Amino acid sequence: MQKETAGADAGATVIMKCPFCGHLEDRVVDSREAKIGDTIRRRRECTRCNRRFTTYERIDEIPYMVIKKDGRREKFDRQKVLTGLLKACERRPIPVSKLEEIVNEAEAYVAESTARERPTSAVGELVMNRLKRLDKVAYVRFASVYLDFKDVREFMDELKDLLKARGK
Ligand SMILES: [Zn+2]
């Protein structure tokens, strides 16, 4: 378990202190961690008084990286992904919560990697596939920006399918 001194920053690892007896040792009782945005929720049990409590830990101490086409790495940026999605979904009947789910999924995908990094292309594809299920128009908009018209044929095929579906 992490027991670093808590700093002033929100990103610092905090001391997990039992809220009932103040004991500093506990064990995580949930095998599954619940990730909410950039926070991990854990159920813990105090090793002294055996009472259970929940902690919320920031997981941004070590950044997740994305590898760009030219090989450069940059920090995975939730806001950037969300901004792209919001732009694609302008005036579409999609609740922001749905877009946040996609962002969470994209982040989890990067976080799952043992190397803590994924190519941007793979992240982009994941986002595109989720958007495709959600809203075709938003999907085509996102794809046109994301694919950068480098794969025109694939894009045109998608567009044709979309127009066909509309004609029905
Ligand atoms: Zn306790």
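It should be noted that the structure appears before, not after, this text.
Thresholds applied
- Residues numbered from 1 in each chain as written.
- Predicted model: local features only at pLDDT ≥ 70, side-chain atom pairs only at ≥ 80, totals over all residues.
- Heavy atoms only, no water.
- Helix = DSSP H or I, 4+ residues; strand = E, 2+ residues; numbered from the N terminus.
- Contact = heavy atoms within 4.5 Å.
- Polar contact = N/O pair within 3.5 Å; in protein donor to acceptor, adjacent residues only side chain to side chain.
- Expected span 1.5 Å × (residues − 1).
- Pairing = 2+ DSSP bridges.
- Axes fitted to C-alpha atoms, helices over the stretch in contact; angles between N-to-C directions.

Engineer: Is there a simple way to explain the environment of K75 in this structure?
Structural biologist: Locating K75 in the fold gives a position in strand β6 (residues 73-75). It is 6.1 Å that separates the C-alpha atoms of K75 and P63, two residues lying 12 residues apart in sequence. Every residue in contact with K75, bar those within four places of it in the chain, is listed here: P63, Y64, M65 and V66.

Engineer: Looking at this structure, I do not really get the environment of H23. What am I missing?
Structural biologist: Looking at the secondary structure, you find H23 in the segment before β1 (26-28). C-alpha of H23 to C-alpha of T47: the two residues are 24 residues apart in sequence and 7.9 Å apart in space. Excluding residues that lie within four positions of it along the chain, H23 makes contacts with M16, K17, C18, C46, T47 and R48. A distance of 3.3 Å separates the side chain of H23 from the side chain of T47, its partner in a polar contact.

Engineer: Hey, could you run me through helix α3 (residues 120-134) in this one?
Structural biologist: Residue pairs spaced three or four apart in an α-helix point in one direction, given the helix's 3.6 residues per turn. Compared with an ideal rise of 1.5 Å per residue, which puts 15 residues at 21 Å, α3 spans 21 Å between its outermost C-alpha atoms and is within 8% of the ideal. For α3, the secondary structure elements touched by its buried residues are β5 (65-67), α1 (78-88), α2 (96-112), β7 (117-119) and α4 (136-146).

Engineer: Any chance you could explain the sheet that holds β6 here in plain terms?
Structural biologist: Hydrogen bonds between backbone atoms are what pair the strands of a sheet, whose relative direction is either parallel or antiparallel. Spatially, β6-β5-β7 is the arrangement adopted by the three strands of the open sheet, whose pairing is mixed. Two strands lie at the open edges of the sheet, namely β6 and β7, each paired on one side alone. For this sheet, the mean angle separating the axes of adjacent strands, direction not counted, is 30°. The sheet contact formed by β5 and β7 spans three bridges and is parallel. Bridging across to β7, M65 finds its partner in E117. Against the sheet, α3 engages β5 and β7, with an angle of about 75° to β7.

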